[in-house]
Amino acid sequence: DAGVIQSPRHEVTEMGQEVTLRCKPISGHNSLFWYRQTMMRGLELLIYFNNNVPIDDSGMPEDRFSAKMPNASFSTLKIQPSEPRDSAVYFCASRILQGGGYTFGSGTRLTVV
Amino acid sequence: KQEVTQIPAALSVPEGENLVLNCSFTDSAIYNLQWFRQDPGKGLTSLLLIQSSQREQTSGRLNASLDKSSGRSTLYIAASQPGDSATYLCAVVHILTGGGNKLTFGTGTQLKVEL
């Protein structure tokens, strides 16, 4: 298995632009998570899905952030409009719902200028 | 609210030394605990997963223990090597009131193994 695949690896965008981050979980994993990592806050859970259904989005910082999981093999995290304080590394992770460990993607490093 | 703390925050040791990283959590209602390493600018690599019913897991030079009742886990690294230099993160999957579960990360231990 290729693991959790995220794209793009790096994204530089101007303030106000829309940004879409993509994630392909490991086949057979039925939970998917979006995390954000910054020096100040460490790793923060933004949202997670079980069987493609959003379960907890309390970590989504603002309405500018939205996430979708249209099927078991794909998820997106969208920021619209983006702001400089959104600059961070965004990780996607997946796991088997019952008791499995988490597998993380390589992350997307977002810079908003 | 689950809080996960790791001690020490940073550690520098000479090559070959055995070392212990500590993790403590406040809510003992956990499903499992996972240790990760993160290299600078990279993603998280899973090292060991301990289910709540287990006491320890071993992989090569790594051994992780879990004492759920006291809210503690340790990661033991034997015969440390410069390639072990990284940030080590402890994370617990705990049960939420009302159902569901959540992964909470510790603050991390930054390890440097010197020649």
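Criteria and cut-off values
Residues numbered from 1 in each chain as written. Chains lettered and ligands numbered in written order. Predicted model: local features only at pLDDT ≥ 70, side-chain atom pairs only at ≥ 80, totals over all residues. Heavy atoms only, no water. Helix = DSSP H or I, 4+ residues; strand = E, 2+ residues; numbered from the N terminus. Rg over C-alpha atoms; globule rule 2.2 N^0.38 Å. Pairing = 2+ DSSP bridges. Axes fitted to C-alpha atoms, helices over the stretch in contact; angles between N-to-C directions. Contact = heavy atoms within 4.5 Å. Polar contact = N/O pair within 3.5 Å; in protein donor to acceptor, adjacent residues only side chain to side chain. Buried area = accessible area lost by both parts, 1.4 Å probe. Salt bridge = Lys/Arg side-chain N within 4 Å of Asp/Glu carboxyl O. Nonpolar A, V, L, I, M, F, W, Y, C, P; charged D, E, K, R; others polar. Core = buried A, V, L, I, M, F, W, Y, C linked by side-chain atoms within 4.5 Å. Buried < 20%, exposed > 50% of the residue type's maximum accessible area, 1.4 Å probe, protein only. Disulfide = S-S within 2.5 Å.

J.: For this particular structure, what's the right way to read the overall build of chain B?
T.: Secondary structure summary: chain B contains zero helices and eleven strands in total. Starting at the N terminus and ending at the C terminus, chain B contains elements arranged as β-β-β-β-β-β-β-β-β-β-β. In terms of overall dimensions, chain B is globule-like: its C-alpha atoms have a radius of gyration of 14 Å, near the 13 Å expected for 115 residues. Dimensions along the principal axes, computed over C-alpha positions, put chain B at roughly 50 × 30 × 20 Å.

J.: Teacher, can you tell me more about the sheet that holds strand β8 (residues 74–79) of chain A here?
T.: Note on sheets: strands pair through backbone hydrogen bonds, and any given pair is parallel or antiparallel. Residues and elements named next belong to chain A. Taking strand neighbours across the sheet as the criterion, the four strands line up as β1-β3-β8-β7 in an open arrangement whose pairing is antiparallel. Both edges of this open sheet fall to β1 (5–7) and β7 (65–71), since each of them pairs with a single strand only. Between one strand axis and the next, the sheet turns through 15 degrees on average, direction left out of account. Here strand β3 (residues 19–24) pairs with β8 via five bridges, running antiparallel. When the sheet's bridge partners are listed, Cys 23 is paired in β8 with Ser 75.

J.: Sorry if this is basic, but what is going on with the environment of Ser 73 of chain B here?
T.: Residues and elements named next belong to chain B. Along the chain, Ser 73 turns up in strand β8 (residues 72–77). Counting along the chain gives 38 residues from Ser 73 to Trp 35, while the straight-line C-alpha distance between them is 9.5 Å. Once residues within four sequence positions are removed from consideration, Ser 73 is found in contact with Leu 21, Asn 22, Cys 23, Phe 25, Leu 33, Trp 35, Ser 65 and Leu 66. A polar contact is formed between the side chain of Ser 73 and the backbone oxygen of Ser 65, at a distance of 2.6 Å.

J.: Just checking my understanding: could you explain the pairing of β3 of chain A for this structure?
T.: Across a regular strand the side chains alternate sides, sitting on one face of the sheet and then on the other. Note that β1 of chain A and β3 of chain A share three bridges and pair antiparallel. Each bridged residue has a counterpart across the sheet, and for Gln 6 of chain A the counterpart in β3 of chain A is Cys 23 of chain A.

J.: Help me understand the pairing of β8 of chain A, please; the structure alone is not making it clear to me.
T.: As paired strands, β7 of chain A and β8 of chain A are joined by five bridges and run antiparallel to one another. Residue pairing in the sheet places Ala 67 of chain A in a bridge with Leu 77 of chain A of β8 of chain A.

J.: Explain the interface of chain A and chain B here, please?
T.: The accessible area lost on association of the parts is a frequent measure of interface size. Across the contact, 15 residues belong to chain A and 18 residues belong to chain B. Between chain A and chain B, a total of about 1,300 Å² is buried, with carbon and sulfur atoms accounting for 53% of that surface. The tally of links between chain A and chain B comes to zero salt bridges. Viewed at the interface, chain B and chain A are joined by three residue pairs in polar contact (both at pLDDT 80 or more). Looking at the side of chain A that touches chain B, its residues break down into seven nonpolar, six polar and two charged.

J.: What am I meant to see in the nonpolar core here?
T.: Generally speaking, soluble globular proteins have nonpolar side chains that are buried together. Ranked by internal contacts, the top residues of the largest apolar core, which has 22 residues, are Phe 25, Leu 33, Trp 35, Leu 75, Ile 77, Tyr 88 and Leu 111 of chain B. Listing elements by their share of this core, those giving two or more residues are β3 (19–25), β4 (30–38), β5 (44–51), β7 (62–67), β8, β9 (86–95) and β11 (109–114) of chain B. For Ile 77 of chain B, the contacting residues outside a window of four places in its chain are Glu 17, Asn 18, Leu 19, Arg 61, Leu 62, Asp 84, Tyr 88 and Leu 111 of chain B. Ranked by size, the runner-up nonpolar core spans 21 residues in total, among them Leu 46, Met 60, Phe 65 and Ile 79 of chain A.

J.: Please clarify how the state of the cysteines should be interpreted in this entry.
T.: Residues and elements named next belong to chain A. Summed over the entire model, instances satisfying the criterion amount to two disulfides over all chains. Two residues share a disulfide in this structure: Cys 23 and Cys 92, whose sulfurs sit 1.9 Å from each other. The sign of the S-S torsion, about -70 degrees, decides the handedness of the disulfide formed by Cys 23 and Cys 92: left-handed. Here Cys 23, found in strand β3, pairs with Cys 92, found in strand β9 (residues 88–95); they are 69 residues apart in sequence, far enough to count as distant. Assessed through its relative accessible area of 1%, Cys 23 is described here as buried.

J.: Help me out: how do you make sense of the pattern of salt bridges in this one?
T.: Once their charged atoms are close, side chains differing in charge can pair, the charge on each being opposite to the other. All names here are of chain A. Here the structure, examined in full by the defined rule, presents eleven salt bridges over all chains. Glu 44 is the partner of Arg 36 in a salt bridge, and the nearest nitrogen-oxygen pair spans 3.5 Å. Asp 86 is the partner of Arg 64 in a salt bridge, and the nearest nitrogen-oxygen pair spans 2.7 Å. Linking Arg 64 in the loop between β6 (53–56) and β7 with Asp 86 in the loop between β8 and β9, this pair joins segments that are 22 residues apart in sequence. The class of Asp 86 is buried, set by a relative accessible area of 2%. Salt bridges sharing partners connect three or more residues here, namely Glu 62, Arg 64, Glu 83, Arg 85 and Asp 86.

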